[in-house]
Amino acid sequence: MFETTAFDAHHPPDQDLIDDCVHCGFCLPTCPTYVLWGEEMDSPRGRIVLMDRGLDPGSDMSAEMVTHFDRCLGCMACVTACPSGVQYDKLIEATRPQVERNHHRSLSERLWRSVLFAAFTHPARLRAVAPLLAAYRRSGVPAALGASGLLDRFPRLGAMERLTPPVSAGAMTRRLPELIPAAGVKRARVGLLQGCVQRVFFHHVNEATVRVLVADGFEVVAPASVRCCGALMLHSGYEAKSFALAKKMIRAFEDCDYVAVNAAGCGSSMKDYGHLMRDDPEWSTAAQAFSDKVRDVTELLEDFGPVAERHPVPLTIAYHDACHLAHAQGVRSQPRDLLRRIPELGLTEPAEWEVCCGSAGIYNLLQPEAGAELGRRKAANLLATKAQAVAAGNPGCTLQITRHLEEQGEEIPVYHPVELLDMSIRGASRPDSSIRRASAGDGAHRAGAGPGDREGDDGPTPEGGAGGVGRRRGSPTGEERP
Ligand code: SF4
Ligand code: SF4
C-alpha cells in the first residue's frame, strides 16, 4: 500500500541535501535559536533530522515539527558555518510552503499572518495609515500603553507598536521619479526596487541610494508599479502569492542591465527566484535572467568602483551584518570596503556578528519573545563597540536594532551604508536622515539627527542634482523632509 509522508509531492526537502549533513554540530553556536534555548530540535542539525523524519513513509506534519520549523529565523548563519556545505537554505525554503499546505494553523494564527501580509506588502495601504500613525505618535497613547503593561499581555501587538518607526505623514507620501539620468558618462542602466516597507518608512534610504548611484554613473529606473518583491511571503512559505508579485517585478525590470536592492531580505529572495521558478515553463528563463541581474547596492557599487569623489565623514561606525546579506547572499566584504573608502570613517565590528538580531522578515512579529531576546543581545553587542553610529543594510534590522538600543537607554543612530556614502559624496556634515526615536512630544522622525548635525545644512548635490534627486533637503518631488 502507498504510504503518505509529512510532505506532499511538490518540491519536498531534497533527500540528497539532507544526507549532506554529517551531524558534526559546527553550525550550532551560530544558530540563534540554539544559542537561546540549547535545544537540539531548535538547531540546524535538529531541524534537518526533522525534515528527514518527515520524508519517512507514514509520517505526518506534526505540530511539534511545525513548532521547530516556525522557530527557525531563516537567517542562514548555519549555511555560512557549515564546513560540509549543507544547503540548509534550500531545505528550509522547500519546507516552509510544505508547512503552509499540509498543516492547519489556528484561526488566530491565520488572521495575524493575513493582517501582516495585507499591510506590509501594500505600500498604498501603509501610506493610507500614515496620518493615523503620525497622529498616534504625537498623542500620549504610546507612553500610556507602555506604562499600563497592556501591550505585554499581547506580545505580538506590543512588538508591532514598538517597532513602528515614528515618521511623519509627509515623509511617507514622497515619491521617486521613475527615470533618473546618470551624472556624467552612463555606465549601466539600473533598476531600483523601491520595496514596500522600504518605500514608505525608509524613503530617505531610497533617495540616498538614487543619489549615490547617479553620482557614480548609473541611470536609475524606479518603477512605482512594482509593489513588493514577495520576500516577506516567500520567507513564510506563501509561495504562490510571492510568485505573483515576483512576476510583475521581473517584467518591469526586463530592460535593465542590473537590478539594485537596498534591503537584504528582498535581495536574497530576488536572487533566488530563478531557482524557485525552475519548473515553470513560462517563467523559468525570465526568472533566472532576472536573478542573475540582481545586486545588493553595495555589491554593485563595489563591482564597478567609485567615480564621484568621497569626502571625509568623521564617524566611528559599528557595522551590523544583516543575515540575508551576509549569510544568504554572502555579501560581507563589499559594504565594508565601500565604507572604508570614505575618508576618516572608522569601522568597528561587534561581537557575535554572525548571530541574527531577531528581526528576520516578520519573525519578531510572529515570535516576539525570541525576537526581543535576540534584539537585546544584538543591541548590547553593538553598544559594547562604543561606536557613534551603526550601519545596517536591511530595514527590518534597522527597526529592530533601533528599538532595542532605545530600550537600553541609547539613541545612537542606525544608518544604511548608502546614507553614509551619500553624505560623503555630498560633502555634507551629516547624513540626510536616520531612524531615531522621537523624544516625547516630538511626534515625528527627526531627520538627520546624527553626530555633527546642523539644521538646514543642504550640502552639495551630486553632479548637479540629476533630476532633482540631489537636493539636500526634500525629495525629488521637492517636498521638504520633516
Ligand atoms: S548542517 Fe553542517 S555544520 Fe551543521 S551539523 Fe550538519 S554538517 Fe555539521
Ligand atoms: S537558518 Fe538560522 S535559525 Fe534557522 S537553523 Fe539556520 S542558523 Fe538556526
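Coordinates for the structure precede this section.
Residues numbered from 1 in each chain as written. Chains lettered and ligands numbered in written order. Predicted model: local features only at pLDDT ≥ 70, side-chain atom pairs only at ≥ 80, totals over all residues.

**Q** Talk me through the overall build of the chain; I want residue IDs and the actual numbers.
**A** On a plain count of helices and strands, the chain comes out with 27 helices and nine strands. Counting only residues that meet the buried cut, the chain has 50% of its 482 residues in that class. In the chain, once contacts between residues fewer than 6 apart in sequence are set aside, the share between residues at least 24 apart is 75%. (Helix = DSSP H or I, 4+ residues; strand = E, 2+ residues; numbered from the N terminus. Buried ≥ 20, exposed ≤ 12 C-beta atoms within 10 Å, placed from the backbone. Contact = placed C-beta atoms within 7 Å.)

**Q** If you had to explain the sheet that holds strand β5 (residues 294–296) to someone new, which residues and values would you point to?
**A** Spatially, β1-β3-β2-β4-β5 is the arrangement adopted by the five strands of the open sheet, whose pairing is mixed. The sheet is open, and its two borders are formed by β1 (179–180) and β5, each paired with just one other strand. Bridge count for strand β2 (residues 188–192) against strand β4 (residues 258–261) is three bridges, and the pairing is parallel. Bridging across to β4, glycine 191 finds its partner in valine 259. In the packing of helix α15 (residues 203–215) onto the sheet, contacts are made with β1, β2, β3 (218–221) and β4, and the angle to β3 comes to roughly 145°. Each of β2, β4 and β5 touches helix α21 (residues 297–304); the most contacted strand, β5, lies at about 95° to it. (Pairing = 2+ DSSP bridges. Axes fitted to C-alpha atoms, helices over the stretch in contact; angles between N-to-C directions.)

**Q** If you had to explain the packing of helix α25 (residues 368–383) against helix α26 (residues 395–407) to someone new, which residues and values would you point to?
**A** The interhelical angle for the contact between α25 and α26, taken along N-to-C directions, is 75°, at an axis separation of 8 Å. Comparing the axis directions of α25 and α26 gives the class roughly perpendicular. Facing α25, whose interface residues are Gly375, Arg376, Lys378, Ala379 and Leu382, α26 presents Gln400, Ile401, Arg403, His404 and Leu405. Of the residues in the contact of α25 with α26, the class split is four nonpolar, three polar and three charged. (Parallel < 35°, antiparallel > 145°, perpendicular 65-115°, else oblique. Nonpolar A, V, L, I, M, F, W, Y, C, P; charged D, E, K, R; others polar.)

**Q** So, α26: which residues are in play, and what are the values?
**A** Between the first and last C-alpha of α26 there are 18 Å, a value that for 13 residues agrees with the 18 Å anticipated at 1.5 Å per step. The element α26 is extensively covered by neighbouring structure, given that eleven of its 13 residues are classed as buried. Regarding α26, the residues found buried are Pro395, Gly396, Cys397, Thr398, Leu399, Gln400, Ile401, Thr402, Arg403, His404 and Leu405. Glycine 409 lies just past α26 and shows a positive phi near 80°. (Expected span 1.5 Å × (residues − 1).)

**Q** Can you tell me about the sheet that holds strand β8 (residues 389–392), naming the residues and giving the values?
**A** Judged by pairing direction, the sheet is parallel, and its four strands sit side by side in the order β7-β6-β8-β9 without closing on themselves. Every interior strand has two partners, whereas the edge strands, β7 (346–348) and β9 (414–415), have only one. The pairing of β8 with β9 spans two bridges and is parallel. Paired with valine 390 across the strands is valine 414, a residue of β9.

**Q** Describe the site of ligand 1, listing the residues and the values that go with them.
**A** Lining the immediate environment of ligand 1, one finds 14 residues, of which Cys21, Cys24, Cys27, Arg45 and Cys82 sit closest. Breaking the shell around ligand 1 down by element, the ones donating at least two residues are α3 (44–54) and α5 (77–81). (Near = placed C-beta within 6 Å.)

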